[in-house]
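Summary of the model geometry
Now for the letters of each chain:
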Amino acid sequence: MVFPGSSPLEVPTGELTPALPAERKTLNVPPDFSIRSVDSAASSGSGYVSLNEQQKAREMTKLQHMIRDFVMEFLQGVFLDAVLEDGTLVPCRCHMDPKLQRLTLQVHSTTRHIFLTNIQEICSGKELRDLRVTTPLDDLCVTLVMADDQCVSFKFNDVQGREHFATCMKVLRLALD
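Below is a summary of the structure that appears in this document.

So, on to the pattern of salt bridges. For the structure shown, the criterion picks out six salt bridges. A salt bridge links Glu59 to Lys62; its shortest N-O distance comes to 3.9 Å. Taken together, the positions of Glu59 and Lys62, both in helix 2 (residues 53-76) and three residues apart, correspond to about one turn of that helix. Owing to a relative accessible area of 24%, Glu59 belongs among the partly exposed residues under this scheme.

As structure tokens, then:
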């Protein structure tokens, strides 16, 4: 977990024991998830795709199903790899409350609650370069930046996993405005 100054989730690395794979429900990325981020738009030219009404409706339905599945997973709880300030990865159980207003992060016996309305930015990929953090982050990380300038970063196995998490979190955050 990345927090400037004192961290409520600071766990000495000597105490970290990975959970058994059978205990860890991880986030599922839909097989048909396609990446449409700043990173992919920059590499494909203009970044704009013209869709007709039928294609828009199909894309909206896909997005709604993706968000629904993401929410169902987070209501049950999933494990993500949180990035500590020294770059060490630690298994973090993440779940949301039924009203989708609060994200709860748990590392061993330490718990932190984050209200989605307190999240000011959700940064991934090239956007991470603009953050002023000392934590070693790379293109597979997503960082949630809170209103008080504290942040938490997660590392994913691939760009699709990273963008799936970032996209869903952005949609949920925007829905609260």
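Text resumes after the structure shown.
Spanning 17 residues, helix 3 (residues 159-175) covers 24 Å between terminal C-alpha atoms, matching the ideal 24 Å at 1.5 Å per step. Where helix 3 is concerned, the buried positions are Gly161, Arg162, Glu163, His164, Phe165, Ala166, Cys168, Met169, Leu172 and Arg173.

Moving on, we get to the environment of Arg173. With respect to the secondary-structure elements, Arg173 resides in helix 3. With 52 residues separating them along the chain, Arg173 and Glu121 place their C-alpha atoms 9.3 Å apart. Reaching out from Arg173, the side chain makes a polar contact with the backbone oxygen of Ile119 at a distance of 2.8 Å.

The seven strands are arranged 4-3-2-1-7-6-5 in an open sheet whose pairing can be described as antiparallel. The outermost strands of the open sheet, each flanked by one partner alone, are strand 4 (110-115) and strand 5 (119-124). In this sheet, neighbouring strand axes are inclined to one another by 35° on average, regardless of whether the strands run parallel or antiparallel. Pairing analysis gives six bridges linking strand 1 (residues 78-83) to strand 2 (residues 89-96), with the strands arranged antiparallel. Looking across to strand 2, one finds that Val78 is bridged to Cys94. Taken strand by strand, helix 2 contacts strand 1, strand 2 and strand 3 (102-107), and its axis lies near 105° from that of strand 2. Of the strands in this sheet, strand 1, strand 2, strand 3, strand 5, strand 6 (141-146) and strand 7 (151-155) touch helix 3, which is tilted by about 160° from strand 5.

Thresholds applied
- Residues numbered from 1 in each chain as written.
- Predicted model: local features only at pLDDT ≥ 70, side-chain atom pairs only at ≥ 80, totals over all residues.
- Heavy atoms only, no water.
- Salt bridge = Lys/Arg side-chain N within 4 Å of Asp/Glu carboxyl O.
- Helix = DSSP H or I, 4+ residues; strand = E, 2+ residues; numbered from the N terminus.
- Buried < 20%, exposed > 50% of the residue type's maximum accessible area, 1.4 Å probe, protein only.
- Expected span 1.5 Å × (residues − 1).
- Polar contact = N/O pair within 3.5 Å; in protein donor to acceptor, adjacent residues only side chain to side chain.
- Pairing = 2+ DSSP bridges.
- Axes fitted to C-alpha atoms, helices over the stretch in contact; angles between N-to-C directions.
- Contact = heavy atoms within 4.5 Å.

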